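If you want the building blocks of each chain, they are given just below.
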Amino acid sequence: MSTVIAKDVNLSGPNTGVFSRAPAGDTSSHGSSADLSDEKTPRAKTSQVHATGAPLGVPAAEKRFWFQRDKSFDATAIATQPSVFDDPDTAKQYQPPATWENIHRFDPSARWTWAEEYKLIRKIDWKIMVWACIMFMALELDRANLQQAVTDNFLKELHLTTNDFNLGNTVFKLSFLCAELPSQLVSKWIGPDRWIPAQMVLWSIVASCQFWLDGRKSFLICRSLLGIIQGGFIPDIILYLSYFYKHHELSLRLGFFWTAMSIADVLAAFLAFGLLHMRGVHHYSGWRWLFLIEGLLTLVIGLVSFVLMPPSPTQTASTLRGKKGWFTEREEVIIINRVIREDPTKSGMHNRQPITPKLLWKSMSDYDLWPLYIIGLLFQIPETTPTQYLTQTLKGLGFDTFKTNLLVIPSTVAHMITMMALTYFAEVVGELTFTSMLGQVWALPFLVYIYKVDITKINKWSAFGIMSALLSFPSSHPIQVAWNSRNANAVRSRTVSAALYNMFVQASGIIASNIYRADDAPRYKRGNRVLLSLCITNMGIYTLTKVYYVWRNKSRAKKWDAMSEVERLEYLATTKDEGNKRLDFRFAH
């Protein structure tokens, strides 16, 4: 696991109370601060950082998952975990800057119980995570409903070929990719609570305007505009959620996040079944009503998001959200301190602070994250290509338009289940690399089958079963997004790396959109050979990534363990190493 190592913390101490509150301060998020180790910035008064006699929780006592909390679990035990803030020698090196928007709730002496923490997590899930999932579902509806539209003579009526369809997907993903980083920088500058709802309103207008498509040119323009406006939404949301959750909690929530995407795909199939039956209403095709109505639905969600996205855990009060906000003062103390104790770098920048070109370049040149970018580029391709062509494949097998839209549901539901199971498994066993590789292991036998056997000539229900089994694969995407966030180890790096990782994922979509070609239809044997080769290649890349991070951690441990305690404290006080380049940081793998 990624970690920051400091002087050993004494876990014992007299029970002197639950916590003492730090004095309230200015909650304004104006001003600027730099990353913890990038530049010198104002710090909160060091008198707030001190060793405390209140007992700390024992790390082994944490029960991360509901199924681990049996009758022996003591919910009244202290949940506060050991941190660098518990020792005055190391605490001052990690002291949050005075401009951090949550500084008035930072209190190293705060103590709380497991009952309080788990109750608060459920509240955060309800207030923050549920709406994040709803917004993601809206994104998925508007970017993926093209798959439903093509089942309703969309291509024929616009005089488009299979290659035009591929080009549309490529244009969308390329536009999405190019907008990722600029969008993330804008979000970091003005705040995701403002930028994300604005994105949704803008793209909903474009999505609705697809009602008036009249040919290849308008089709490609709309796909490009959708990609440009939607680009950056995912890393924006991930950074926003990191304000509220610990690393392992974020990994699991991202599992639910992408499950919401699959739920949107299921809902899209049912919506398409109904909306495509509107063919002929006012003499318009069903696919036109599909684009219009789903776009207007997203518009409503975007407008509501301006209200339901607070800037930070300590800035939930507003006229529409309530003058008292969503969380009590004590809850805010718990949210802030439990997150910052696990990862002190999360206080490195406030939520309205732009990233300078210097910091941007520094983040982009972080070679220790490149293995994850390479994985992001390749890991989904073996399954993405068959997914994009599933509705067309099913129609080619002889299923009608409406049955085709319903037959995508079984694999989507199974995919949700396997993805969540894989995400939980990764956190339970503490293994990220080889757990992520299981998706490739799953896909391998099915890819071998569709390469060797022409499924267009076997029983159509057997072919449906093979394709559904392939597309039920357990996606490691939630694991890898959180993995990338952990290994960034700084708000600055996390902001940029989230965008870069998703850019590589979008680039993989561009590649996947062009593997099946018209001259290879309908069997796509050449394309399936490419998918099979990539699946095997991915297994090798995961293994090399594991080797790399193990080697990096051992190299650092060797240097760190050779230092005396005095030398370590001197290093923490004087080092110019930043983020994941610090000797006291260990990469997750």
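Conventions and cut-offs
Residues numbered from 1 in each chain as written. Predicted model: local features only at pLDDT ≥ 70, side-chain atom pairs only at ≥ 80, totals over all residues. Heavy atoms only, no water. Helix = DSSP H or I, 4+ residues; strand = E, 2+ residues; numbered from the N terminus. Buried < 20%, exposed > 50% of the residue type's maximum accessible area, 1.4 Å probe, protein only. Contact = heavy atoms within 4.5 Å. Areas by Shrake-Rupley, 256 points an atom, 1.4 Å probe, with all protein chains shown as cover. Core = buried A, V, L, I, M, F, W, Y, C linked by side-chain atoms within 4.5 Å. Patch = residues over 30% accessible without salt bridge, like charges linked within 9 Å, V, L, I, M, F, W, Y side chains within 5 Å. Salt bridge = Lys/Arg side-chain N within 4 Å of Asp/Glu carboxyl O. 1 Å grid on protein atoms, 1.4 Å probe; cavity = no way out; pocket = protein on both sides within 12 Å on 5 of 7 lines; lining within 4 Å. Points joined across faces, edges and corners; volume = space filled by probe spheres on them. Nonpolar A, V, L, I, M, F, W, Y, C, P; charged D, E, K, R; others polar. Phe/Tyr/Trp six-rings, centres within 6.5 Å; stacked < 30°, edge-to-face > 60°. Lys NZ or Arg CZ within 6 Å of the ring centre and 35° of its normal. Polar contact = N/O pair within 3.5 Å; in protein donor to acceptor, adjacent residues only side chain to side chain. pLDDT = per-residue confidence, 0-100. Axes fitted to C-alpha atoms, helices over the stretch in contact; angles between N-to-C directions. Parallel < 35°, antiparallel > 145°, perpendicular 65-115°, else oblique. Left-handed = near helix turned anticlockwise from the far one by under 90°.

Our next topic: the overall build of the protein chain. Counting its secondary structure elements, the protein chain contains 23 helices and two strands. Relative to its 589 residues, the protein chain shows a buried fraction of 60%. By sequence separation, contacts in the protein chain at least 24 residues apart represent 84% of the contacts at least 6 residues apart. Accessible area for the protein chain stands at about 23,100 Å²; split by element, carbon and sulfur atoms hold 64% of it.

Once that is clear, we can look at the nonpolar core. Counting 116 residues, the largest nonpolar core has M135, F233, L241, L254, F257 and W258 as its most contacted members. Among the elements that line this core, the one with the most residues is helix α2 (residues 114-144), at 15 residues. If you look at the next biggest cluster of nonpolar residues, it comprises 18 residues, including L146, L276, L290 and F291.

Our next topic: a nonpolar patch on the surface. On the surface, a nonpolar cluster with roughly 390 Å² of combined accessible area is contributed by F425, V428, V429, L438 and V441. Mapped by element, the contributors of at least two residues to the nonpolar patch are α17 (409-429) and α18 (433-452). Secondary-structure assignment places L438 in helix α18. Owing to a relative accessible area of 36%, L438 belongs among the partly exposed residues under this scheme.

What follows covers the pattern of salt bridges. Inspection of every chain in the model, using the stated rule, returns 19 salt bridges. Two residues, D366 and K581, come together in a salt bridge whose shortest N-O distance is 2.3 Å. Linking D366 in the loop between α12 (357-364) and α13 (370-378) with K581 in the loop between α23 (565-574) and β2 (585-586), this pair joins segments that are 215 residues apart in sequence. The class for D366 is buried, based on a relative accessible area of 5%. D368 is paired through a salt bridge with R556; the nearest N and O atoms lie 3.8 Å apart. In this pair, D368 sits in the loop between α12 and α13 while R556 sits in helix α22 (residues 525-561), placing the two residues 188 residues apart along the sequence. Across the pair, R556 and D368 agree in class, each one buried. Shared partners join several salt bridges into a network, and the residues in it are D366, D368, R552, R556 and K581.

Considering the arrangement of structural elements, one finds S411 in helix α17. Apart from the residues within four sequence positions on either side, S411 is in contact with L390, S468, L471 and S472.

Next up on the list: empty space enclosed by the protein. Going through the model one piece at a time under the given rule, you end up with four cavities of 30 Å³ or more. Of the voids in this model, the largest cavity is the one considered here, and its volume is about 920 Å³. In this structure, the largest cavity is lined by 37 residues; those nearest its centre are E140, Q147, M261, D265 and T387. At the level of elements, α2, α3 (146-149), α5 (162-190), α9 (247-275), α14 (381-388), α15 (390-396), α17 and α21 (491-513) are the ones that each hand at least two residues to the lining of the largest cavity. At five residues, α21 tops the list of elements feeding residues into the lining of the largest cavity. Residues that form the lining of the largest cavity fall into these classes: 13 nonpolar, 18 polar and six charged.

In this section: the packing of aromatic side chains. By the definition in use, this model includes 27 aromatic pairs. Between F136 and F233, the aromatic rings sit 6.4 Å apart at their centres with planes inclined by 25°, giving stacked as the arrangement. Of this pair, F136 sits in helix α2 while F233 sits in helix α8 (residues 233-242), placing them 97 residues apart in sequence. Each member of the pair F136 and F233 is classed as buried. Note on Y548 and W551: the rings are 6.0 Å apart at their centroids and 50° apart in plane angle, and the pair reads as tilted. With a gap of three residues between them, Y548 and W551 both fall in helix α22, about one helical turn apart. Members of the aromatic cluster, each reached through a chain of ring pairs, are W483, Y548, Y549, W551, F585 and F587. In this structure, R223 packs its charged tip against the face of F172, placed 5.1 Å from the ring centre.

Along the chain, A110 turns up in the loop between α1 (88-91) and α2. When the C-alpha atoms of A110 and T80 are compared, they prove to be 7.7 Å apart, with 30 residues separating the residues in sequence.

In this fold, T80 is placed in the loop between β1 (3-4) and α1. In terms of polar contacts, T80 uses its side chain to reach the backbone amide nitrogen of W112, at 3.2 Å. In this view, T80 contacts L56, G57, A110, R111, W112 and R341; residues no more than four positions away in its chain are not counted.

With that settled, the discussion passes to unusual backbone geometry. One non-glycine residue, H159, lies in positive phi territory at about 60°. With respect to the helices, strands and loops of the structure, H159 is situated in the loop between α4 (154-157) and α5. Judged by relative accessible area, which is 69%, H159 ranks as exposed. Phi at H282 takes a positive value of approximately 55°, unusual for a residue other than glycine. Among the structural elements, H282 can be located in the loop between α9 and α10 (286-308). Since its relative accessible area comes to 61%, H282 is described here as exposed.

Turning our attention to the confidence of the model for the protein chain. Put simply, the protein chain has an average pLDDT of 80, and 86% of its residues get 70 or more. Across the protein chain, the element-wise mean pLDDT spans from 50 in β1 up to 92 in α13. Below pLDDT 50 for its whole length, residues 6-42 participates in 99 contacts with residues either more than four positions away or in separate chains.

On to the environment of Q93. Inspection of the secondary structure puts Q93 in the loop between α1 and α2. When its relative accessible area of 24% is taken as the criterion, Q93 is described as partly exposed.

What follows is about the packing of α9 against α17. It is the contact of α9 with α17, at a shortest axis distance of 9 Å, that shows an interaxial angle of 180°. In terms of orientation, α9 and α17 fall into the roughly antiparallel class. Per-class residue counts for the contact of α9 with α17 are 13 nonpolar, eight polar and two charged.

This part covers the packing of α18 against helix α19 (residues 460-470). Describing two packed helices takes the angle between their axes plus the distance from one axis to the other. Two elements in contact, α18 and α19, have axes whose closest approach is 9 Å; the angle formed by their N-to-C orientations is 150°. Considering their axes alone, α18 and α19 lie roughly antiparallel with respect to each other. By crossing handedness, the relation of α18 to α19 is classed as left-handed. Every residue of α19 that contacts α18 at W442, A443, F446, L447, Y449 and I450 is listed here: I466, M467, A469 and L470. Of the residues belonging to the contact of α18 with α19, the class tally is 10 nonpolar, no polar and no charged.

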